[in-house]
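One letter stands for each residue in the lines below.
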Amino acid sequence: MIAPKVNLSSESHPISIESRKTLTAGHIHIKQNVWIGANATILPSVKIGENSVVAAGSVVSKDVPDNCVVGGIPAKIIKTIT
C-alpha cells in the first residue's frame, strides 16, 4: 500500500563537477505486503523488506529488513513486527 504524496526517487546526480549535469539510474525494490506512509521518500537503490512499514514523512536511504517498522529522517528501525 502506498499512501498519498510518496516520493519514489530512482535517479541521482554524480557529485563530481564534470559529471554533475548527468543522471544516474538506480532502482527501488519494494517487496510484498509493504505499507508506505504519506509523504515518505524512498531514495535510489533501496530495498523495502516484506511486511515492513515505512512511517509517514520518513526518508529511507538504506535497505529496510523484512518485518519491521522504520521512521524518521533518516529512517531507522523503530520496532520489529512479529
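Residues numbered from 1 in each chain as written. Predicted model: local features only at pLDDT ≥ 70, side-chain atom pairs only at ≥ 80, totals over all residues. Heavy atoms only, no water.

Colleague: So what's going on with unusual backbone geometry? Residues and values would help.
Modeller: For the peptide bond that leads from Ile73 to Pro74, omega is -5 degrees, which places it in the cis range. Within the secondary structure layout, Pro74 lies in the loop between strand E10 (68-71) and strand E11 (76-80). We note that Lys5 has phi near 65 degrees; this positive angle belongs to a residue other than glycine. Summarising the element assignment, Lys5 is placed in the segment before strand E1 (7-8). Accessibility expressed as a relative area gives 70% for Lys5, which makes it exposed. Positive phi, close to 65 degrees, is recorded for Asn51, a residue that is not glycine. With respect to the secondary-structure elements, Asn51 resides in the loop between strand E7 (46-48) and strand E8 (53-54). (Helix = DSSP H or I, 4+ residues; strand = E, 2+ residues; numbered from the N terminus. Buried < 20%, exposed > 50% of the residue type's maximum accessible area, 1.4 Å probe, protein only.)

Colleague: Tell me about the pattern of salt bridges, residues and numbers included.
Modeller: Inspection of every chain in the model, using the stated rule, returns 1 salt bridge. Across the pair Lys31 and Asp66 runs a salt bridge, and its minimum N-O distance is 4.0 Å. With Lys31 in the loop between strand E4 (28-30) and strand E5 (35-36) and Asp66 in the loop between strand E9 (59-60) and E10, this pair connects stretches of sequence that are 35 residues apart. Residue class for Lys31 comes out partly exposed when judged on its relative accessible area of 30%. For Asp66, a relative accessible area of 40% gives the class partly exposed. (Salt bridge = Lys/Arg side-chain N within 4 Å of Asp/Glu carboxyl O.)

Colleague: Explain the environment of Ile42 to me, and be specific about the residues and the numbers.
Modeller: By the secondary structure assignment, Ile42 is in strand E6 (residues 41-42). For Ile42, a relative accessible area of 0% corresponds to the buried category. Separated by 14 residues in the primary sequence, Ile42 and Ala56 place their C-alpha atoms 11 Å from one another.

Colleague: Describe in detail a nonpolar patch on the surface, supporting the description with residues and values.
Modeller: A cluster of nonpolar side chains, namely Ile2, Leu8 and Ile30, defines an oily patch on the protein surface of about 250 Å² accessible area. The topology assignment puts Ile2 in the segment before E1. The class for Ile2 is exposed, based on a relative accessible area of 53%. (Patch = residues over 30% accessible without salt bridge, like charges linked within 9 Å, V, L, I, M, F, W, Y side chains within 5 Å. Areas by Shrake-Rupley, 256 points an atom, 1.4 Å probe, with all protein chains shown as cover.)

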